[in-house]
Amino acid sequence: MKSFKKNTLYTVCQRAMIALFATSVASHAYAQQAAQDESEDVEVIEVQGSRDALAKALDRKRESKNVVDAIIAEDIGKMPDENIAEALQRITGISIQRDMGEGTSVNIRGMGSDFNQVKVNGQTLTSGGNGRDIDFSSMSADLLAAIEVVKTPSAKHEEGSIGGTINLNTRKPLNIKAKQVVNFNFKAAYNEITQRTDPNAALNITRKFTDDFGVSASLTAENRQVRQDQYFTRSWRPIDLRELSAVDSEGNVVARDAENQDAIMGNIAYSDNLYLPWNPTEGNTKYNIENDADGIGWHAAEFGSRLDIQDRERIGSTLNIQYRPNDDTDLQFDVFFSQLTKEQTYYQNWYKFRLVEDPEFSNMLENLAVDESGTFTSADFLHTTNQQSTSRSDRRGETVTNSLSFKLRGEHRFDNLTVNASAGYSQSREKNDNESQFLFAMNGATHGYRISDLDLLEVVSAGDNFVAPDENPHRLSQIRDNYREVKDDAYEAQIDFDYMLDGDFFSSVEFGAKWTERTKHKDDDSTYIKMWLEDIENTDKVRQSFIDQTNSDGEVISTPVPFPVSDFMDGRGTDLMTREWGIIDFDTAIDNASTVFGVDSFDELPFGKYRDYRNSYDLNIETQAAYAQINIDGLDGLLVGDLGVRAVKTIRNARGYSGNQANILEYRPGLDNFARLPVIDYRDVIVEKEYDNILPSLNLRYALGEETLVRFAASKVMARPNFWEIAPYVKQQPLIDIPRMWAGNPNLDPFEADQADLTYEWYYGKGASLTVGAFYKNITSFYYNSVTSNVTLDANGEPLWLGVDGNPTPFVISQPQNGAGGEIRGLEAAFQQNFDFLPGKLSNFGTLVNYTFSDSSADYLKRNLLEQNEQTGEVNFQVNCPIPDDLELPFINQSKHSANAAIYYEQKGFSSRLAYSYRSDSLVTPQGNFCNAHWNKGYGQLDFSLNWNVKGNVNLILNVVNMTNEAQKQYATGIMEGNALEDDLPENRLLSLRQAGRIVRLGVNVRF
C-alpha cells in the first residue's frame, strides 16, 4: 500500500518559522502554560506524602480556575507506582485497565481511553495500536516531573477529548535552586508468579550552566519477565427453552406439554432440529421454566487454560534545554523517547462444547443441570461429530513499540502582550514481523463440564472418546505467520497571544491558532496454511516433526515438551482444573518442519497459503483551529474565570482495502471432497470527509468566604472517532451458513458533548480539605453498531463477494453508524486530613480519600431487520438476539463506583503509605458472540510503599504491588437479559479469570 505523498515536515517547519520570526520567540508549551501562566489551575497531589507539599497543593487548588488534577514527583524513585497509568489511578475520577498485571490505559470520569488526549510537554502523543489510546505500560513514571489531567477545558485548550486531557511534563532545568541535581534510582523487582528478580534503573541529571541556560536529561532502563495465568470461556451459547418440544417413546416430535413443562420425560427438541435429552432418570435434572425469567438457556461454547510469558525490555529518555536570555523571553526544546520490546510466548488448551442439530444425536447429552437463570451448570457432551473437539495453540513473537516526541517552544513578554509560539512532531512505531502460531485439533472428542469454585468450569471425562490434557492425539490444523507494522505521525504548529486589559472585571484577552496533521498507516499481512486442505501424508509429516522425535534405531518416539510452570493459577479452583497440557518446542518445530521438506523458511513450505491484507489502511487527518477567550478577575478578586470559544475544521482522508471475491471449487489430492477457498482481487477504497465544530466554554470560581468557594464550568467538547472505526476495511466470514461481515465506516461524524461541573470546596485547616462536586455530560453525537443484511457493496459501490453463480452474496454486516448519544451523570468527593491534632507518634499520620459515582446510558445496539419479501415470501436475515426496546447500557469501561483511600505516616527521614484502589463492575463490549454482553467484575488492589533515609542523600525504597494477590474476572450475560450494572443478573457465566501475581520491589535512591 502506498502512503500519502505530502511533504508535511516542510509545511510544518515553514509555518513554524513564520510564527517564530514574527514574534521573535519560540513557543511556550501547553503543559508549561498550565504550570506557569495558569499556576492557579493545578491541583497537586504529592506522592511523597510531604505535609508541607500537600498543604501547598491545597493552596494551589484553591486558586485554580479550571478543574485540573496532577501528580508531582520531586524526587525520582519515590513514587509508589512504576508506570504512568498506575500513578494516575490515585486521582479522583480516574480508573485504569490492566494487562499482564500492569496498568495500560486510563478512563476519565467514565470515558474510555479513546476519548481522552495524551500530551508530552504539550505535544500530542501518538500510539502504536489501532486506536488513539496510549499504552502507558511502555513508559516509566521515572521519566516525568509531573502528570496533569485537565477535566474542564478553556477555549485555548486543544479540542479532541470528552473525558479529559493528560499532560506528561518532564523536568525544567531553570526551575531548580541548586546549580546541579543528580538523581540515581535502582530497584530490584521480585515477581512471585515468575519467581524472578529483575532490575530497574533510572538516572536524571539537571544542571544550570548559568542563571539563563540549563539542561535536564533522564534515562530509564528495565528488564522484566511477566506472566499471566488464565482460565477462559470464549462465549456462552443461548437456547430458547420456551420453544422446546418433547419427543415421545417412538422418537416422534410432539408439542411441549405446557401444563407439565417441568416434568417432561425423554428428549426435548428446539426448533424441531436441535434435540436435548431431558430425562431425570438418566441424571438430567428437571427444568421449571417458570423459574427462568426469560426462558433462555445458556451453555459454555468453549473453555480452556492459557499461559502467557513475556520478556519485557523498557527504555526511555528525556531531554529539555531551556534558555532565558532576559526576564521577558523563555525558549525551550524538549525530546521524549520510550520503547517497549515484548518477546511473548503463550500456550493454550481448550475444549469445545456443541449441541448437534441432528436427531441422530438426540441422546448424546447427559448429566444436565440448569439453574434459575438458565445457565447450564453441568452437562456431558457425548456425540463425536467434528463440531465437538479439543484444541491447542502455541504462539511466539516479538513486538517492538516506540514513541518519539520533539517540541520547540518559547515565550516573549512585551509591555501588555505575551506571545507564545511552538512547533512539534511526534511519532510511534509498532512492529511485529516474526510471529508464528501453530494450531492443533482433535475432532470427535467427548467431554463435559461442571461449574465449580470461583465459577470455573471443570472439564470432566465423559463418553468413550475423552482426551486428557497431557495426551497428544491432536492433528496439526493450521500454521499462521503474522506481520504487522503501524506508523503514527503527528505534526503541530501553534501561536498564542495574551493581552493585558486595564479593567476592574476583565483582566486579559487571549487568542490564537493551531494547525495539526496526523497520519496513521497500518500494514497487516497474515498468512495461513490450513492443513486440513492439504495432502494428508504431508500434513502427518509436519505434525510428527512438531511433536515427535526419531531415536537411534529410526523409530518415532513421542517426546512431549515439559510444561514450563508447576504452579499454574496458583492452585485456584478444584483439583479437576487443567493446570498442565501438551506443548511444543518452537525452535525444534520450525527447524523440523523445514527439514522435512528441505526448505529454509516458512514461505517456502509446499502448501497453499491464504494471505489477507484487508486489515491494512492509511489515514490522514488535518485540523485547523482558532480561539478567543476573555479572562475574568472581578468583584475584588472574589470572582475569577474565563469565557471563550474555539472553532476547528477537520479534513479527513481514509484509504483501505476491499475486494471483489468469489467462491471457487478446488480439488486437493488426498481429500475425498472439494474445498472452497477465497480468491481476493484487492483494490483501493478512498473516502474524504470534512466537518466543523464550534466549542464554547466557561469557567468560574467564586469565593463564598475565607475558607469556602464554589466552581462552575460549562463547555461543548468533541472527540474524533477511533482510527480503526473510520478505516475502510472489510473483514468477512463468507463460507458459513449465514455469511458475516465486519466493516469500518470512514463517514463517521465526531463525538460531541455538552458538559457542566459544579463543586463546593471547604479548606478548614492547614493540609485539610473537603471537596464535593457534580458533573454532567450529554453526548449529543455518538455511534451505534448497526447490524443489517443484504449489504454487499463497498465504499466504491462494488460487490464485496460473488457466489459461484456470479451474483452478489448477501451478508449480515456489522458496522458503526452515526446515531444518538448518551449521558453521564456523576458525583465526586475528596477528603484530605493530617492527624497533627493527635498526641505523640499518632500526629505523624494522615489520610487521603476520594470517591466517584458515575451513572451513564448509551445506545450501542440497534437492529435493522428486513421485512418479509412480499414477492417471494423469503426473509433474508433474522436476528436471534431479542433486544428489549428500552435497553440502556453504560459506556464501555465505565464503573459506577470508583474510590481510592490512602493512609500515610511521615516523620523526619521516614515515610510510608498504604493505598487501596477500587472500581466496580464495568462493560467490556455490548455485543460479543452469540448474544453475549461482556463485563468486568469489580476489582480492588492494595499497594504499599516505604521510603527510609538511611544516611545523607541515600534513601531505601520498598514497594509491594497487589499485596493480596488479587485476580481479575470477566463474565458474560445475555444482551436480552439487561444491564448488569442496574439489574440482578447472573455472574456465573465466566469469561476469564486472570492472575499476574504479587510484585515486591526493593531499591535505593541517591541524590547529589
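In this report, the structure presented in the accompanying data block is examined. (Residues numbered from 1 in each chain as written. Predicted model: local features only at pLDDT ≥ 70, side-chain atom pairs only at ≥ 80, totals over all residues. Heavy atoms only, no water.)

## So, the pattern of salt bridges
- All told, the structure shown has 47 salt bridges when counted by the stated rule.
- Its salt-bridge partner being R312, residue E102 comes within 2.7 Å of it at the nearest N-O pair. Linking E102 in strand 4 (residues 102-108) with R312 in strand 18 (residues 302-326), this pair joins segments that are 210 residues apart in sequence.
- For R109, the salt bridge goes to E828, with nearest N and O atoms at 3.0 Å. Taken together, the residues span a long stretch of sequence, with R109 in the loop between strand 4 and strand 5 (117-120) and E828 in strand 41 (residues 822-834) at a distance of 719 residues. Note on accessibility: R109 and E828 belong to one class, buried. (Salt bridge = Lys/Arg side-chain N within 4 Å of Asp/Glu carboxyl O. Helix = DSSP H or I, 4+ residues; strand = E, 2+ residues; numbered from the N terminus. Buried < 20%, exposed > 50% of the residue type's maximum accessible area, 1.4 Å probe, protein only.)

## What to know about the side chain of E458
- Inspection of the secondary structure assignment puts E458 in strand 25 (residues 457-461).
- R450 is the oppositely charged side chain nearest to the buried, salt-bridge-free E458, at an N-O distance of 6.4 Å.
- Engagement of the side chain of E458 in a polar contact is seen with the side chain of T574, the distance being 2.5 Å.
- Every residue in contact with E458, bar those within four places of it in the chain, is listed here: G448, Y449, R450, S452, T574, L576 and M577. (Lys, Arg positive; Asp, Glu negative; His and termini not counted. Polar contact = N/O pair within 3.5 Å; in protein donor to acceptor, adjacent residues only side chain to side chain. Contact = heavy atoms within 4.5 Å.)

## What about the pairing of strand 8 (residues 165-169)?
- Across the 5 residues that make up strand 8, a large majority, 5, are buried.
- The side-chain alternation of strand 8 yields two buried faces, one formed by T165, N167 and N169 and the other by I166 and L168.
- For strand 7 (residues 146-150) and strand 8, the ladder comprises 5 bridges, and the chain directions are antiparallel. Along strand 8, the bridge assignment pairs V150 with T165. (Pairing = 2+ DSSP bridges.)

## Some points on the nonpolar core
- Membership of the largest hydrophobic core comes to 46 residues, with the highest contact counts inside it found for W236, F303, L307, F353 and Y449.
- The next biggest cluster of nonpolar side chains, apart from the first, holds 34 residues, and it includes F115, I621, I779 and A933. (Core = buried A, V, L, I, M, F, W, Y, C linked by side-chain atoms within 4.5 Å.)

## Here we look at the sheet that holds strand 21 (residues 376-381)
- The 4 strands lie next to each other as 20-21-24-25, forming an open sheet whose pairing is antiparallel. The open sheet terminates on both sides in strands that have one partner only, identified here as strand 20 (365-370) and strand 25. Put simply, the sheet's adjacent strands are angled 15 degrees from each other on average, direction ignored.
- In this structure, strand 24 (residues 447-451) lies alongside strand 25, joined through 5 bridges in antiparallel fashion. Opposite H447, over in strand 25, you have S461 as the bridge partner. (Axes fitted to C-alpha atoms, helices over the stretch in contact; angles between N-to-C directions.)

## Digging into the packing of aromatic side chains
- In total, this model carries 21 aromatic pairs according to the counting rule given.
- On the basis of an interplanar angle of 0 degrees and a centroid distance of 6.4 Å, the ring pair of Y351 and F466 is categorised as stacked. With Y351 in strand 19 (residues 329-352) and F466 in the loop between strand 25 and strand 26 (475-500), this pair connects stretches of sequence that are 115 residues apart.
- Since its relative accessible area comes to 24%, F466 is described here as partly exposed. (Phe/Tyr/Trp six-rings, centres within 6.5 Å; stacked < 30°, edge-to-face > 60°.)

## Section: unusual backbone geometry
- Positioned with a positive phi, L635 is a non-glycine residue whose angle comes to about 55 degrees.
- Here L635 is to be found in the loop between strand 31 (617-634) and strand 32 (639-667).

## Observations regarding the pairing of strand 36 (residues 740-743)
- With burial as the criterion, only one face of strand 36 is covered, namely that bearing M741 and A743; the residues R740 and W742 on the opposite face remain uncovered.
- Taken together, the 3 bridges between strand 36 and strand 40 (residues 812-819) define a ladder with parallel strand orientation. In the strand pairing of strand 40, M741 is matched with I813.

## Observations concerning the environment of G410
- For G410, the location among the structural elements is in strand 22 (residues 389-413).
- Separated by 80 residues in sequence, G410 and D330 have C-alpha atoms that sit 5.3 Å apart.

## Regarding a negative patch on the surface
- Taken together, the side chains of D212, D327, D328 and D415 make up a negatively charged region of the molecular surface.
- Mapped onto the elements, D415 comes out in the loop between strand 22 and strand 23 (417-443). (Patch = residues over 30% accessible without salt bridge, like charges linked within 9 Å, V, L, I, M, F, W, Y side chains within 5 Å. Areas by Shrake-Rupley, 256 points an atom, 1.4 Å probe, with all protein chains shown as cover. Charge placed at Lys NZ, Arg CZ, Asp CG, Glu CD.)

## Some words on the environment of A462
- By the secondary structure assignment, A462 is in the loop between strand 25 and strand 26.
- Of the residues examined, A462 reaches a relative accessible area of 5% and is grouped as buried.
- Each residue touching A462, except ones within four places of it in the same chain, is listed here: D380, L382, T446, H447 and G448.

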